[in-house]
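# Coordinate inspection notes
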Amino acid sequence: MIVRKLRMEKGFSQEQLAEMAGISTRTLQRIERGANASPETLKCIAAVLEIDFADLKPGADMDTNTTATLPELAPGEREAIEYVRDIKSFYSHALQYGVVMVGLLVLNLLTSPEYLWVIWPAMGWGIGVAAHGLSVFEVINIFGDDWEKKQISKRMGRRAKSQ
């Protein structure tokens, strides 16, 4: 999360930071999600962000346990980032739906124009896209904050018992 926060403060996109650091965008995405990274990769990112390497890597390993020593995002920032990700995911889903349905419509019209079978996948997948949109824009919130908190507590309880 610290890499993402610093990147956003500098006004870089993931693609820009990755290119300037000489790493792939996918690698940067993994690092921003908390995946392990080599010291060389972190040094490249730190150089581009103009920060000290120690700010990115406080210990010898980049475990998820060490993230507590890193500056935390404010709750509002974290919620905003999650909301923007959800919206981006929905728009990506809707765009994929549109592209695939146009392709299927063209295929349908070229192969069997007398029967529009394309309506069946359009309706099926369309229901999924609609449900995704309703969820993202919180029109229908089946799995709200209370549900998430209960599930997190449940999972944490199981981990504590198993250790």
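It should be noted that the structure appears before, not after, this text.
Here the residue index of a chain counts from 1 through its sequence in written order. Restriction of local features to residues with pLDDT of at least 70 applies here, the model being predicted, together with a cutoff of 80 or more for giving and counting side-chain atom pairs; totals for whole chains, interfaces and linings are based on all residues. The side-chain values count all of the structure's non-hydrogen atoms but skip hydrogen atoms and water molecules.

## Describing the overall build of the protein
Rules: Numbering of helices and strands runs from the N terminus; a helix is a DSSP stretch of H or I covering at least four residues, while a strand is a stretch of E covering at least two. Note on exposure labels: buried denotes an accessible area under 20% of the residue type's maximum, exposed denotes more than 50%, and partly exposed covers the range between, all computed with a 1.4 Å probe on protein chains only. Residues count as neighbours in contact if any of their non-hydrogen atoms are within 4.5 Å of one another. In these tables, accessible area is a Shrake-Rupley quantity obtained with a 1.4 Å probe, and a residue counts as shielded only by the protein chains included in the view.
Secondary structure summary: the protein contains eight helices and zero strands in total. Walking the protein from its N terminus toward its C terminus, one meets helices and strands in the order α-α-α-α-α-α-α-α. Considering the protein as a whole, with its 163 residues, one finds that 25% of them fall into the buried category. Taking as baseline every contact in the protein between residues at least 6 positions apart, the subset at least 24 positions apart corresponds to 52%. Accessible area for the protein stands at about 11400 Å²; split by element, carbon and sulfur atoms hold 60% of it.

## Quick word on a nonpolar patch on the surface
The test is simple: Each patch is built from residues lacking any salt bridge and having more than 30% relative accessible area; the joining distance is 9 Å for like charges and 5 Å for nonpolar side chains (Val, Leu, Ile, Met, Phe, Trp, Tyr). Whenever a carboxyl oxygen of Asp or Glu lies within 4 Å of a side-chain nitrogen of Lys or Arg, that contact is scored as a salt bridge.
Taken together, Tyr-83, Tyr-91, Leu-134, Phe-137, Val-139, Ile-140 and Ile-142 make up a surface patch of nonpolar side chains, about 690 Å² in accessible area. Looking at where Leu-134 falls in the secondary structure, it is placed in helix 7 (residues 119-136). According to the relative accessible area criterion, Leu-134 is partly exposed, its value standing at 33%.

## A look at helix 3 (residues 25-32)
Put simply, the test is: Arc definition: directions from the helix axis to the C-beta atoms.
Those residues of helix 3 that fall on the buried side of the exposure criterion are Leu-28, Gln-29, Ile-31 and Glu-32. Projected onto a plane normal to the axis of helix 3, the buried residues spread over an arc of 160 degrees and lie on a single side. Two residues or fewer past helix 3, Gly-34 is found with a positive phi of approximately 105 degrees.

## Here's the deal with the layout of surface pockets
Rule in force here: Each cavity reported here is a set of points on a 1 Å grid over the protein atoms alone in which a 1.4 Å probe fits but cannot get out, each pocket an open set with protein on both sides within 12 Å along at least five of seven lines, and each lining residue one with an atom within 4 Å of a point. Grid points are joined across faces, edges and corners, and a volume is the space filled by probe spheres set on the points. Each residue receives one of three labels: charged for Asp, Glu, Lys and Arg, nonpolar for Ala, Val, Leu, Ile, Met, Phe, Trp, Tyr, Cys and Pro, and polar for the others, Gly being one of them.
In this structure, the second largest pocket encloses a volume near 430 Å³. Lining the second largest pocket we find 15 residues, and of these Arg-4, Arg-7, Gln-14, Arg-85 and Lys-88 sit closest to its centre. Looking at the lining of the second largest pocket, the elements with two or more residues in it are helix 1 (2-10), helix 2 (14-21), helix 3 and helix 6 (75-111). The leading source of residues in the lining of the second largest pocket is helix 6, at seven residues. Tallied by class, the residues present in the lining of the second largest pocket amount to four nonpolar, four polar and seven charged.

## Things to note about a positive patch on the surface
To be explicit about the condition: Think of it this way: Lys and Arg go in the positive column, Asp and Glu in the negative one, and His and the chain ends go nowhere. Every charge is mapped onto a representative atom, which is NZ of Lys, CZ of Arg, CG of Asp or CD of Glu.
A grouping of Arg-26, Arg-30, Arg-33, Arg-85 and Lys-88 is seen on the molecular surface, where their side chains present a positively charged patch. Position of Arg-30 relative to the elements: it lies in helix 3.

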